[in-house]
Amino acid sequence: MPPVFAHGRLRLYLLKLLDEAPRHGYEVIRLLEERFQGLYAPSAGTVYPRLAKLEAEGLVTHATEGGRKVYSITDAGRAELADRGGELADLEVEIRDSVTELAAEIRDDVRGAAGDLRREMRAAASASATRVEDESWKAAKEDLRKARQEWKEQARRAKDESRRAREEAQQARRQAKEAQERAREEVQRIAGQLQEQFARSGGVLGSLAGAWLGGAPAAGSADASAAGADGDAGRASEWAADLAATGDPARDLDRLLDRFRDEVRDAARDRGVTSAQVAEARRHLEAACGRLGTTFGARS
């Protein structure tokens, strides 16, 4: 008999059955047998130890009803089942293939038995040419008829189970894809909220700008103006030197602002921000804005 469940897959399928409804151990065994149309039925020694292990891992729990343990899936079990949605879809396909293989093996056995029976019937007919059709011949014909009928029934069940397994696998894939889409949308939503909050927190950006401009004198004094001019000249020759001119001044300015923003964010991530740094950065940014405004105003 080919294996029905690969290693660890019966554990996942038990979680799926308990996610459908709470069940006791015997009901799980009977349900598996029905799912496989009688082609496969796990023993109690296979199912109960796995249920006990799932309970020890916190994935299922049980309550006693009428002297029997009724197992239910926990939130942790549902979480694992959701995380392994794609694997569960593959498992449905594997079950379908296993049912097909089992049905094929039964069909081959039936064909082999029918072939042996026909050979025996021919041998009996040759040995008793005068006996056209006695009771043993009728019994052999009836056995052959029953064998053929059983094979047709097994083939029909295997075909129905294969179709149902294929439909369930397709549904599981759709559900897994929908879950991935919902997760992607949630990540995008959270990222958008973070961007909005970061844009509103201008004081934090100011603090990081102060760290980037670090040590410049306060705006409003002659020394500050001189220091600012010297600092600008030195920085213009070194800072962002790797950004080659594109021939479009507006685009070059956008690239410089992007570089400034990235360095400010990196500084925030690496060093953190204090209230004192926020106040200092605000002063530096105010002075820088004033100087840049004068620069761009001079062009007009």
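Residues numbered from 1 in each chain as written. Predicted model: local features only at pLDDT ≥ 70, side-chain atom pairs only at ≥ 80, totals over all residues. Heavy atoms only, no water.

(A) How the structure looks around the overall build of the chain. Helix and strand counts for the chain come out as ten helices and three strands. Reading the helices (α) and strands (β) of the chain from amino to carboxyl end gives α-β-α-α-β-β-α-α-α-α-α-α-α. Looking at the chain residue by residue over its 300 residues, the buried ones come to 28%. For the chain, the share of sequence-separated contacts (at least 6 apart) that also reach a separation of at least 24 residues comes to 65%. (Helix = DSSP H or I, 4+ residues; strand = E, 2+ residues; numbered from the N terminus. Buried < 20%, exposed > 50% of the residue type's maximum accessible area, 1.4 Å probe, protein only. Contact = heavy atoms within 4.5 Å.)

(B) Representation of the environment of Thr-100 within the structure. The residue Thr-100 is located in helix α5 (residues 85-127) in this model. Separated by 59 residues in the primary sequence, Thr-100 and Lys-159 have C-alpha atoms spaced 7.6 Å apart.

(C) Expanded view of the pairing of strand β3 (residues 68-73). Here strand β1 (residues 23-24) pairs with β3 via two bridges, running antiparallel. Each bridged residue has a counterpart across the sheet, and for His-24 the counterpart in β3 is Val-70. As defined by bridge partners, strand β2 (residues 60-65) adjoins β3 across six bridges and the pair is classed as antiparallel. Looking across to β3, one finds that His-62 is bridged to Tyr-71. (Pairing = 2+ DSSP bridges.)

(D) Focus on the sheet that holds β3. Taken in spatial order, the three strands make up an open sheet running β1-β3-β2, and their pairing is antiparallel. Edge positions in the sheet fall to β1 and β2, since each of these pairs with one other strand and no more. Docked against the sheet, helix α3 (residues 44-56) engages β2 and β3, running at close to 115° with respect to β2. (Axes fitted to C-alpha atoms, helices over the stretch in contact; angles between N-to-C directions.)

(E) Quick look at the nonpolar core. Core analysis: the largest hydrophobic core is formed by 24 residues, its most contacted members being Leu-15, Leu-18, Val-28 and Leu-32. Secondary-structure elements contributing two or more residues to this core are α1 (9-20), α2 (25-35), α3, β3 and α5. (Core = buried A, V, L, I, M, F, W, Y, C linked by side-chain atoms within 4.5 Å.)

(F) α3, seen in detail. Across its 13 residues, α3 extends 18 Å between first and last C-alpha, which sits within 8% of the 18 Å expected from 1.5 Å per residue. Three or more residues of α3 are buried, namely Val-47, Leu-51 and Leu-54. Projection of α3 onto a plane perpendicular to its axis shows the buried side chains occupying an angular sector of 65°, all on one side. Opposite the buried face of α3, at more than 90 degrees from it, the exposed residues are Gly-45, Lys-53 and Ala-56. Summarising the contacts, the buried residues of α3 are in contact with α1, α2, β2 and β3. Of the residues one or two after α3, Gly-58 is the one with positive phi, at around 80°. (Expected span 1.5 Å × (residues − 1). Arc of directions from axis to C-beta.)

(G) Representation of the side chain of His-24. For His-24, the location among the structural elements is in strand β1. In contact with His-24, other than residues within four places in its own chain, are Arg-68, Lys-69 and Val-70.

(H) Structural view of empty space enclosed by the protein. On inspection of all chains with the given rule, the structure shows one cavity of 30 Å³ or more. As a volume, the largest cavity reaches approximately 50 Å³. The wall of the largest cavity is formed by Tyr-13, Arg-35, Phe-36, Glu-92, Ile-95, Glu-161, Arg-164, Ala-165 and Glu-168. Counting only elements with at least two residues in the lining of the largest cavity, the list comes to α5 and α6 (135-200). At four residues, α6 tops the list of elements feeding residues into the lining of the largest cavity. Residue classes in the lining of the largest cavity are distributed as four nonpolar, no polar and five charged. (1 Å grid on protein atoms, 1.4 Å probe; cavity = no way out; pocket = protein on both sides within 12 Å on 5 of 7 lines; lining within 4 Å. Points joined across faces, edges and corners; volume = space filled by probe spheres on them. Nonpolar A, V, L, I, M, F, W, Y, C, P; charged D, E, K, R; others polar.)

(I) Structural view of the layout of surface pockets. In this structure, the second largest pocket occupies an estimated 480 Å³ of space. If you trace the second largest pocket, you find 18 residues lining it, with Leu-81, Gly-85, Leu-88, Ala-172 and Gln-175 closest to the centre. Of all the secondary-structure elements, those providing two or more residues to the lining of the second largest pocket are α1, α4 (75-83), α5 and α6. Taken together, the residues that form the lining of the second largest pocket break down as six nonpolar, five polar and seven charged.

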